[in-house]
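# Results of the structural survey
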Amino acid sequence: QKEVEQDPGPLSVPEGAIVSLNCTYSNSAFQYFMWYRQYSRKGPELLMYTYSSGNKEDGRFTAQVDKSSKYISLFIRDSQPSDSATYLCAMSRYLNTGGFKTIFGAGTRLFVKA
Amino acid sequence: DVKVTQSSRYLVKRTGEKVFLECVQDMDHENMFWYRQDPGLGLRLIYFSYDVKMKEKGDIPEGYSVSREKKERFSLILESASTNQTSMYLCASRPPRTELSRANVLTFGAGSRLTVL
């Protein structure tokens with residue numbers, strides 16, 4: 001079983017649509033949950049950061065974490081063509097050695113059509 | 001903001017060549033990482049370093065080595081490039097765990113796309 005599962009898409013939506021991106025994970029030890037956005041030919045950049053279950057909103061973006069179901073989501077409201085990118089989920093946990101282990105989903109490619 | 005710079009954005013090499021990928025960060029971070037990104041496989045950790053001259057193997061270290069002679073610079077070395085090392089290589093850094101706020105957040109460079117013929 002993969003540690004994290006993310007539908008690779010591609011997902012194509014019209015401008016203004018609500019977009020839902022999701023990941024499931026298998027290890028309940030993960031405590032920190034992130035979404036990165038990666039534009040074509042660029043590196044990933046942090047979009048949302050959450051700790052524990054619940055919702056976090058930042059402008060048109062809402063990150064949702066359900067630790068009991070090991071399921072995280074990213075919602076994009078009023079999607080824009082500039083949101084067209086690959087979205088990677090990530091999660092991390094403390095290690096006994098004092099560092100962190102971070103794993104990434106494979107990424108969902110999103111196209112928002114004008 | 002932390003800036004992570006990968007000087008070589010696109011490289012084309014031949015099988016058997018030695019390849020150096022350089023990464024520099026400007027925020028005095030102890031921790032630096034090298035990932036490769038392949039379609040459908042996501043980001044896989046090759047090596048990381050938590051201090052100068054220190055290195056640890058990640059999930060897929062075979063065929064790679066690294067060098068960390070200065071805190072700001074972390075190099076990935078392919079001793080003898082092979083076609084299955086054609087990939088996007090991403091360098092990242094993160095702050096020390098003593099920085100409680102978002103100590104586990106990685107900042108990535110723009111990537112180095114390597115093609116091995």
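Residues numbered from 1 in each chain as written. Chains lettered and ligands numbered in written order. Predicted model: local features only at pLDDT ≥ 70, side-chain atom pairs only at ≥ 80, totals over all residues. Heavy atoms only, no water.

It is worth spelling out the overall build of chain A at this point. Each helix and strand in chain A was counted, giving zero helices and eleven strands. Ordered by position from the N terminus, the helices and strands of chain A form the series β-β-β-β-β-β-β-β-β-β-β. The principal-axis extent of the C-alpha atoms belonging to chain A is close to 50 × 30 × 25 Å. Across chain A, the fraction of contacts at a sequence separation of at least 24, relative to all contacts at a separation of at least 6, is 54%. For chain A, the exposed area adds up to about 5,500 Å²; of that, 46% sits on carbon and sulfur atoms. (Helix = DSSP H or I, 4+ residues; strand = E, 2+ residues; numbered from the N terminus. Contact = heavy atoms within 4.5 Å. Areas by Shrake-Rupley, 256 points an atom, 1.4 Å probe, with all protein chains shown as cover.)

Residue and element names in this part refer to chain B. Counting buried positions over the eight residues of strand E5 (residues 31–38) gives eight, a clear majority of the element. Residues Asn31, Phe33, Tyr35 and Gln37 line one face of E5 and the alternating positions Met32, Trp34, Arg36 and Asp38 line the opposite face, and both faces are buried. Inspection of the sheet shows E5 paired to strand E10 (residues 87–94) by seven bridges, in the antiparallel sense. The partner of phenylalanine 33 across the bridge, within E10, is alanine 92. (Buried < 20%, exposed > 50% of the residue type's maximum accessible area, 1.4 Å probe, protein only. Pairing = 2+ DSSP bridges.)

Right, let's talk about the side chain of arginine 36 of chain B for a bit. Residues and elements named next belong to chain B. Mapped onto the secondary structure, arginine 36 falls in strand E5. A polar atom in the side chain of arginine 36 sits 2.9 Å from the side chain of tyrosine 64. A distance of 3.1 Å separates the side chain of arginine 36 from the backbone oxygen of asparagine 84, its partner in a polar contact. Among residues more than four places away in sequence, those in contact with arginine 36 are Gly42, Leu43, Arg44, Ile46, Ile60, Tyr64, Asn84, Gln85, Thr86, Ser87, Met88 and Tyr89. (Polar contact = N/O pair within 3.5 Å; in protein donor to acceptor, adjacent residues only side chain to side chain.)

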